[in-house]
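One-letter residues, chain by chain:
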Amino acid sequence: MRIAVASGKGGTGKTTVAANLAVTLARHGQTVAYVDCDVEAPNGHLFLKPIPVGEVGVSRLVPRVNPGQCLRCGACARFCRFNAIVCLTDRTLVYDELCHSCGGCVRVCPSEALTEVPHPMGVVKTGVAGAVRCVSGTLDVGESTSPPVIRAAKQAAPPASWVILDAPPGTACPMVETVRDCDYVLLVTEPTPFGLHDLRLAAEVMRTLHLNFGVVVNRADPGAPETRAWCEQGRVPILAEIPDSAAIARAYAQGRLIVEALPGLEPLFDQLIARLGAEVHREIREEGGVLA
Amino acid sequence: MPEAAALFELVVLSGKGGTGKTCVTASLAALAHEPVLADCDVDASNLPLVLNPQPQRRESFTGGLRAHIQSDRCSACGKCQEVCRFAAIALDGPGNGCVPRTYRVDTAACEGCGVCEYCCAGHAIDLRPADSGEWFVSDTRYGPLVHAGLHPGEGNSGKLVMLVREQARQIAAATGRRLILMDGPPGIGCPVIASLTGATRMLVITEPTPSGEHDLERMLALGRHFGVPAWVCVNKHDLNPAMATHMERHAVERGATVVGRIPYDPEVTAAQRQGRPLVEMNRGPAATAIAGLWQRIRAEGSVLINVND
């Protein structure tokens, strides 16, 4: 089961939900992998505190020009849609930071003057936090494209009955890259105008990608009438409501998990798991029904 | 061009989301003298929610190209899928009489590089402009606002951010305004880099939590990488005063200037619910702190502007 935890707005509690969910699943005896796909601001390790196991670099391919073979014909520069190659009369220049690593320039070069070399762009770390296997992707500072690091982190996830993917905020390509092949997506929101506005955008992405999703309302006191009304109207299930509490904020500020710092709130995540399981199985049944 | 030289571009960033960028930007918009406002968080644009913008201009945004496979010409040879580096092509298109299934492009994954088009022996692929979003110029009571909305799931947010900034610069040049105030996106990737490059200063809004600290470090490194000096403000500093102090000291060691701290205040959410900048409500400790923050920024920034006068 692959579950992504996402949100339109940042800072709504994705990492809180994902990390507590992972630990609670492990307590239920499930095999769990937690994958931090928020590679621009990966924070799950600050709460799960995994013991490091391994680390692999992530790189992308960029072209290098062999000046002896280059005819300065400009075919590569004309082909590149990202303006990453400039062909001057005496040399051909490559701008690695603009390159999308499509490999097109190498294909169009008539004199085989281009070869591809790896350009480092991030790292994927693996570790264990109790029974939770952890994977965390980190984008190098100054690199602009996170999807390749997200892909690498997802591929590094060990086999587990539950894979929890902690998604980056927003609705653009890094979020899409994280959620695109998941069985279910939890959208974490907060009952503020910003929270609801961005929840709607995130829900639109889910519908565009034909993904099943439900909502977790964080800081849910003193009630979230607008969020609830919107969910009811769109028949979006609310799977959990996490109360707005100073104790939770304090635990977070100390880098502690809710289920560890506040055992009284453990049933909240037990219930989330039960509802999540029911939702995923209902979707499978219904889709099976349609096919039959 | 002395006017262009005197332009001050201030971008509000955070690394971690939800630390209060938009709240602070909206209040600075209310406090600043004749700013041009720009919402560079184009995939979750929230500044318009508290500035009651009246749209004056609306344009569509073509983010780039997307490959399109004409299923009637596709022989299902699979070359396009083989050469695509973005896993954007799948064998799930409609049949065409010759083959039961054809290849189809997943437009969410396609980056429009054109390699599949180049390699397709049957000339079944062409690149088409993608309608990726829209952008607006609106009037607000504090000045013109350039904002945008990327269609959900689209890429190319960096390009849309560049466009928003360029429009803001044009408005500044045309109206003689000298401050562009930008609300930035979370993270440190493509849209953040597009918001940051060439800016005069970045204002990093952070919070005293392990995540806030971790992401501040990366944000300051990004600022150094692109040569943009940083101002730092710890929001909700009273959540963990010791950590806030530690973060401020650390920021100074990294070459940043601490320009203020804001206490936790329920009025912040109340203002957001009313759709207004916090300082308009003019009460509570956070509003007072943001007013102080602006005084400090003005003192620091006026030096920079006056140099070019």
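Residues numbered from 1 in each chain as written. Chains lettered and ligands numbered in written order. Predicted model: local features only at pLDDT ≥ 70, side-chain atom pairs only at ≥ 80, totals over all residues.

## Details of the overall build of chain A
Reasoning step 1: If you tally the helices and strands in chain A, you get 11 helices and 11 strands.
Reasoning step 2: Counting only C-alpha atoms and orienting by the principal axes, one finds that chain A spans roughly 70 × 40 × 40 Å.
Reasoning step 3: Out of the 292 residues in chain A, the part that is buried amounts to 50%.
Reasoning step 4: In chain A, the share of contacts with a sequence separation of at least 24, taken over all contacts with a separation of at least 6, comes to 73%. (Helix = DSSP H or I, 4+ residues; strand = E, 2+ residues; numbered from the N terminus. Buried ≥ 20, exposed ≤ 12 C-beta atoms within 10 Å, placed from the backbone. Contact = placed C-beta atoms within 7 Å.)

## Quick word on the domain arrangement of chain A
Reasoning step 1: Each assigned domain of chain A is listed here: domain 1 (2–58 + 122–291) and domain 2 (67–112).
Reasoning step 2: In this structure, domain 1 of chain A and domain 2 of chain A have C-alpha centres spaced 41 Å apart. (Domains from an automatic or database assignment.)

## Side note on helix α7 (residues 193–208) of chain A
Residues and elements named next belong to chain A.
Reasoning step 1: For α7, built from 16 residues, the straight-helix expectation of 22 Å at 1.5 Å per residue is met to within 8% by its first-to-last C-alpha distance of 23 Å.
Reasoning step 2: Among all positions in α7, only Phe194, Gly195, Leu196, Asp198, Leu199, Leu201, Ala202, Ala203, Val205 and Met206 are buried.
Reasoning step 3: Trailing α7 by a residue or two, His210 shows a phi angle of about 55°, which is positive. (Expected span 1.5 Å × (residues − 1).)

## A short note on the environment of Trp162 of chain A
Residues and elements named next belong to chain A.
Reasoning step 1: Relative to the helices and strands, Trp162 resides in strand β8 (residues 162–166).
Reasoning step 2: Take Trp162: there are 22 C-beta atoms within 10 Å of it, and that puts it in the buried class.
Reasoning step 3: C-alpha of Trp162 to C-alpha of Val32: the two residues are 130 residues apart in sequence and 4.9 Å apart in space.
Reasoning step 4: Among all residues touching Trp162, those that are not within four sequence positions of it are Met1, Ile3, Leu25, Gln30 and Val32.

## Points about the domain arrangement of chain B
All names here are of chain B.
Reasoning step 1: Entries for chain B in the domain assignment read domain 1 (2–52 + 141–307) and domain 2 (63–131).
Reasoning step 2: Centre-to-centre, using C-alpha coordinates, domain 1 lies 41 Å away from domain 2.
Reasoning step 3: Looking at the side of domain 1 that touches domain 2, its residues break down into 1 nonpolar, 3 polar and 2 charged. (Nonpolar A, V, L, I, M, F, W, Y, C, P; charged D, E, K, R; others polar.)

## A short note on the interface of chain A and chain B
Reasoning step 1: Across the contact, 47 residues belong to chain A and 49 residues belong to chain B.
Reasoning step 2: When contributions to the side of chain A that touches chain B are tallied by element, the ones reaching two or more residues are α4 (104–108), α6 (173–179), α7 and α9 (246–253) of chain A.
Reasoning step 3: Looking at the side of chain A that touches chain B element by element, the count peaks at 8 residues for α7 of chain A.
Reasoning step 4: By residue class, the composition of the side of chain A that touches chain B is 21 nonpolar, 20 polar and 6 charged.

## Concerning the environment of Asp106 of chain B
Residues and elements named next belong to chain B.
Reasoning step 1: Within the secondary structure layout, Asp106 lies in the loop between β5 (102–105) and α5 (115–119).
Reasoning step 2: For the pair Asp106 and His68, spaced 38 residues apart in sequence, the C-alpha to C-alpha distance is 9.2 Å.
Reasoning step 3: Ignoring anything within four residues of it in the chain, the contact list for Asp106 reads Ala88 and Ala90.

## Topic: the sheet that holds strand β1 (residues 8–13) of chain B
Residue and element names in this part refer to chain B.
Reasoning step 1: Taken together, the 9 strands give an open sheet; going across it, the order is β3-β6-β7-β2-β8-β1-β9-β10-β11, and neighbouring strands pair in mixed fashion. With one partner strand each, in any of the chains shown, β3 (54–69) and β11 (257–262) form the two edges of the open sheet. Ignoring which end each strand starts from, the neighbouring axes of this sheet average 20° apart.
Reasoning step 2: Bridge count for strand β2 (residues 35–39) against strand β7 (residues 143–150) is 2 bridges, and the pairing is parallel. If you follow Ala38 over to β7, its bridge partner there is Val146. (Pairing = 2+ DSSP bridges. Axes fitted to C-alpha atoms, helices over the stretch in contact; angles between N-to-C directions.)

## Examining the pairing of β2 of chain B
Residues and elements named next belong to chain B.
Reasoning step 1: Counting buried positions along β2 yields 5 of 5 residues, so the element is predominantly enclosed.
Reasoning step 2: By the alternation rule, side chains of β2 split into Pro35, Leu37 and Asp39 and Val36 and Ala38, which are all buried.
Reasoning step 3: As defined by bridge partners, β2 adjoins strand β8 (residues 179–183) across 5 bridges and the pair is classed as parallel. Counted as the bridge partner of Pro35 is Leu179 from β8.

## Overview of the sheet that holds β8 of chain A
All names here are of chain A.
Reasoning step 1: The 9 strands lie next to each other as β3-β6-β7-β2-β8-β1-β9-β10-β11, forming an open sheet whose pairing is mixed. Two strands in the sheet have a free side with no partner beyond their single neighbour: β3 (51–65) and β11 (238–241). Taking each pair of neighbouring strands and ignoring which way they run, the sheet shows an average axis angle of 20°.
Reasoning step 2: Two elements, strand β6 (residues 114–129) and strand β7 (residues 132–139), share 8 bridges in a ladder whose sense is antiparallel. What sits directly across from Lys125, in β7, is Ser136.
Reasoning step 3: Relative to β8, helix α1 (residues 14–27) is tilted by about 165°, and along the sheet it contacts β1 (2–6), β2 (32–36), β7, β8, β9 (184–189) and β10 (213–217).
Reasoning step 4: Along the sheet, helix α5 (residues 147–155) contacts β2, β3, β6, β7 and β8; its crossing angle with β7, the most-contacted strand, is approximately 165°.

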